[in-house]
Amino acid sequence: MDGYGYQTDYPPQEDDAASDVTEGHDEEDQMYEGEYQGIPHPDEVKAARRAARAKARTMADGVSDQEELAEQYEDIMEDCGHGKLQWTLFVVLGLALMADSVECFVVALVLPSAEKDMCLSHAEKGMLGLIVFLGMMFGAFIWGGLADKVGRRKCLIIVLAMNCISAFFSSFAQGYGFFLFFRLFSGIGIGGSVPIVYAYFSEFLQMDKRGEHLSWLCMFWMMGGIYASFTAWGIIPRYGWGFSMGTEFQFHSWRVFVLVCALPAIAAFLGLMFMPESPRFLLENAKHDEAWMILKQVHDTNWRARGEPERVFTVTQIKTPKTQEDEFIEIQTATGTAFQRWVVRTLTLTKLVMKNVLSLLGRDLRLATLLMAIIWFTMAFSFYGLSVWFPDMIKHLQHEEYESKVKVFNREKVEQFHFNFSLENQVHKEGEYINDKFINIEMKSVKFEDSLFVDCYFEDIRSTDTIFENCTIRSTVFYDTDLYEEKFIDCTLENVTFLHNKKGCHLDNEEENDVLIYLVSFLGSLAVLPGNIISALFMDKIGRIKIIGGSMLISAGCTFFLFLSFSQAVIIAWQCLFCGVSVAAWNGIQVITVELYPNWSTAFGVLNAICKFAAILGSSIFASFVGITKVIPILLSFVALVAGGVLALKLPETREKVLL
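As annotated in an unreviewed UniProt entry, the protein carries the name Synaptic vesicle glycoprotein 2B-like and comes from Sinocyclocheilus anshuiensis. UniProt, in its Subcellular location (unreviewed entry) section for the protein, records the words "Cytoplasmic vesicle, Secretory vesicle, Synaptic vesicle membrane".

See the structure below:
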């Protein structure tokens, strides 16, 4: 179906005609300085590119409507230029990408506090750490496909709203189940933002700007990590910032942090209210008038900002694909209910989304999809696996150092003594405690083995990692303590009384909010900056393939040197180097994913879902070997990165390709 015609050249003027702008100026004054040096005028370069594309279309057999639209759309975006509107959209979509990054960090940063506040077991803590990635996996698949059929802007607004609502309710959720549910819901929402953001922004970029500016957009992911770690350090240790309502409702500072983490999503949500829908999406869905108005808005906004308001938008016709059968089949009001119409629309939309997904396995795209799936998987498996392994190894080294300073007391006998000082990092073996009092103290990492307690009194005790093992306890009272019966392992309790036990778990703010937790996250995010800058500057110069392959192979070399990591400082240094090198591969992968596929939002969603699955797998596997061996995680990441890097070199180069 033919819509608006497209005229590539501005209306010619008579030789003796002069505009108000040029009147009174000498012809030589209008020449660019570069012309004197033999440098082509930018308009000449643009015209040459268009002529080359037109010649290629003429020589090609059977150019499809989709390809013709892609070529014409590229010409239109070149005329619109890159200016104010793209930069405004860049900031808004960058905030949406930043929100996705923050979501990846938030659980890891609050977990040390949340596990104590909500009395989480090891299994519950592990599930909470993975639930966001699980939600993101489903969210990427669902929203990536919907964005190609419903619209970029509309879907992005919905996913950001889901993230904001979930963050609000999860910050107030007191129980583990509700908190888990809202974090899952948040992941499903924000997981769809990445595929939409890249597809949305790429449709406002001309070909020679695409690689560079999509790479600059990736910097917001780094900013999200810095924002999360910096605000966590500034908020979570401030224990007094929270409040409580009785003993049942506690709002500690880590919950304030969860709320603050929603600010980038809120800012992006508000910004999108003033952004236009993608004109490319509108054209592909036969909404010609809306698309033309937006393209004119882009053109006029950019040229006015450049001080050339007299530039005229010259598009009169655009070749659009022939309309398919109506995608949203409506049942007439007289023949069906509102629910029936909703069911038909939903089923039709689902069918169309699945058709797009299956098209990724078509004859022309099958090999590229297989290669991209492996590259996404290997990169995510290594990156997210090591992202968990680095901080866990640092904690393990801290724990080993802490345990090396443990004080051991053998066969001590204490009678009628008042313990009014805290006990920390101690082991008491075969001791006897007769008529002793333990009042208003903290017990941290304390273990009593094979000991005897007779006529003792415990009051107002707060404990962390404290257990009684194979002890005999007689005629003893535990009043207002958090020493529950499960902390007495294989113990004999005779005439023991537990009164007014403390509810909940003890949140040890000083221990669990060690500044190193935030420092590691901050440095890892900041280290991405050099890699981001380099990849943005060279993405269009040396190509996507060399960026991806080279970055992954160099990252593999970095992981191999992790065998030499024996201290916290060395691990942090290698983490920074790995993050700085690997980000170039991430940028290249995301750019080429947009350029390879005709339904790029769907393709991005499917591949991003594979990425999140790999993240879940890598995090679980790598974390399970902490404290056991570092050989397997290092070898797994090395092999995965080498395999992905080699396969990346087999991909087609797309820097000179228009968006289909």
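Trainee: Which parts of the structure should I look at to understand the side chain of serine 463?
Mentor: Along the chain, serine 463 falls in strand E12 (residues 457-464). By relative accessible area, which is 6% here, serine 463 ends up buried. Separated by 2.9 Å, the side chains of serine 463 and aspartate 482 make a polar contact. Within polar-contact distance, the side chain of serine 463 engages the side chain of lysine 487 at 2.7 Å.

Trainee: Where do I start with the packing of helix H16 (residues 366-403) against helix H22 (residues 600-624) in this structure?
Mentor: One way to put it is that H16 packs onto H22 with a least axis distance of 7 Å and a crossing angle of 35°. Along this stretch, H16 crosses H22, giving a crossing that reads as right-handed. Grouping the amino acids of the contact of H16 with H22 by side-chain chemistry returns 21 nonpolar, four polar and two charged.

Trainee: Looking at this structure, I do not really get the pairing of E12. What am I missing?
Mentor: Along any regular strand the residues' side chains alternate between the sheet's two faces. In this sheet, E12 lies alongside strand E10 (residues 437-449) in parallel orientation, the contact comprising seven bridges. By the bridge assignment for E12, phenylalanine 438 is matched with phenylalanine 458. Judged from the four bridges that link them, E12 and strand E15 (residues 477-481) form a sheet pairing that is parallel. In the sheet register, tyrosine 457 faces E15, and the bridge partner there is valine 477.

Trainee: Explanation requested: the packing of aromatic side chains in the structure shown.
Mentor: Any pair of aromatic rings gets described here by the distance separating the centres and the angle formed by the planes. Tallied over the full model, the rule gives 46 aromatic pairs. Ring centres of phenylalanine 419 and phenylalanine 438 lie 4.3 Å apart, and the angle between their planes is 5°; on these two criteria the pair is classed as stacked. Highlighted residues: phenylalanine 419 in strand E7 (residues 418-419) and phenylalanine 438 in strand E10, separated in sequence by 19 residues. Of the two residues, phenylalanine 419 and phenylalanine 438, both sit in the buried class. Considering the side-chain rings of tyrosine 433 and phenylalanine 453, the 4.8 Å spacing of their centres and the 15° angle between planes classify their relative orientation as stacked. Here tyrosine 433 is found in strand E9 (residues 432-434), whereas its partner phenylalanine 453 is found in strand E11 (residues 452-454), with 20 residues between them in sequence. As far as the burial class goes, tyrosine 433 and phenylalanine 453 line up, both buried. Joined through ring pairs, the aromatic side chains of Phe417, Phe419, Phe421, Tyr433, Phe438, Phe448, Phe453, Phe458, Phe468, Phe478, Phe488 and Phe498 make up one cluster. Directly above the ring of tryptophan 303 sits arginine 306, whose terminal nitrogen or CZ lies 4.7 Å from the centroid. Here the guanidinium or amino end of arginine 311 rests over the ring plane of tryptophan 303, the centre of that ring lying 3.9 Å away.

Trainee: Explain the confidence of the model for the protein here, please?
Mentor: Any residue range with low pLDDT should be treated as having predicted coordinates unsuitable for detailed reading. On average, residues of the protein score 81 in pLDDT, and 83% of them are at 70 or above. Here helix H1 (residues 33-36) stands out as the least confident element of the protein, with mean pLDDT 42; helix H12 (residues 263-272) is the most confident, with 94. Contacts of residues 323-334 to residues separated by more than four positions or lying in other chains number 20 contacts, the stretch itself having pLDDT below 50. Between residues 507-513, whose pLDDT stays under 50, and residues either more than four places distant or in other chains, the model counts 18 contacts.

Trainee: What's the story with helix H14 (residues 288-305) in this structure? I'm lost.
Mentor: Every α-helix carries 3.6 residues per turn, so stepping three or four residues along brings you back to the same face. The end-to-end C-alpha distance of H14 is 26 Å, a good match for the 26 Å that 18 residues give at a rise of 1.5 Å each. By the burial criterion, the buried members of H14 are His288, Ala291, Ile294, Leu295, Val298, His299, Asp300, Thr301, Asn302 and Trp303.

Trainee: What is the right way to look at the sheet that holds strand E14 (residues 472-474) in this model?
Mentor: What links the strands of a sheet is backbone hydrogen bonding, and the strands pair in either a parallel or an antiparallel sense. The strand order E6-E9-E11-E14-E17 describes an open sheet built from five strands, whose pairing is parallel. The open sheet has two free edges, formed respectively by strand E6 (413-415) and strand E17 (492-494), since each of these has just one partner strand. Ignoring strand direction, the axes of neighbouring strands in this sheet form an average angle of 5°. Bridge analysis of E9 against E11 gives three bridges, and the strand direction is parallel. By the bridge assignment, glutamate 432 is partnered in E11 with leucine 452.

Trainee: Would you explain the side chain of aspartate 148 in this entry?
Mentor: With respect to the helices and strands, the residue aspartate 148 is situated in helix H5 (residues 122-150). On the accessibility criterion, aspartate 148 (9% relative accessible area) is buried. A distance of 2.6 Å separates the side chain of aspartate 148 from the side chain of arginine 152, its partner in a polar contact. Within the local environment of aspartate 148, its side chain forms a polar contact with the side chain of threonine 602, the two groups lying 2.6 Å apart. Ignoring any residue separated from it by four or fewer positions in sequence, one finds aspartate 148 in contact with Phe281, Asn285, Asn356, Asn599, Trp600, Ser601 and Thr602.

Trainee: Could you clarify how one ought to interpret helix H15 (residues 338-359) in this entry?
Mentor: When the terminal C-alpha atoms of H15 are compared, their 32 Å separation across 22 residues agrees well with the 32 Å that a helix rising 1.5 Å per residue should span. Residues Arg341, Thr348, Leu349, Leu352, Val353, Asn356 and Val357 constitute the buried set of H15. Where H15 is buried, its residues touch H5 and H22.

Reading the values: rules and limits
Residues numbered from 1 in each chain as written. Predicted model: local features only at pLDDT ≥ 70, side-chain atom pairs only at ≥ 80, totals over all residues. Heavy atoms only, no water. UniProt positions renumbered as here; feature names shortened; annotations may be inferred. Helix = DSSP H or I, 4+ residues; strand = E, 2+ residues; numbered from the N terminus. Buried < 20%, exposed > 50% of the residue type's maximum accessible area, 1.4 Å probe, protein only. Polar contact = N/O pair within 3.5 Å; in protein donor to acceptor, adjacent residues only side chain to side chain. Axes fitted to C-alpha atoms, helices over the stretch in contact; angles between N-to-C directions. Left-handed = near helix turned anticlockwise from the far one by under 90°. Nonpolar A, V, L, I, M, F, W, Y, C, P; charged D, E, K, R; others polar. Pairing = 2+ DSSP bridges. Phe/Tyr/Trp six-rings, centres within 6.5 Å; stacked < 30°, edge-to-face > 60°. Lys NZ or Arg CZ within 6 Å of the ring centre and 35° of its normal. pLDDT = per-residue confidence, 0-100. Contact = heavy atoms within 4.5 Å. Expected span 1.5 Å × (residues − 1).

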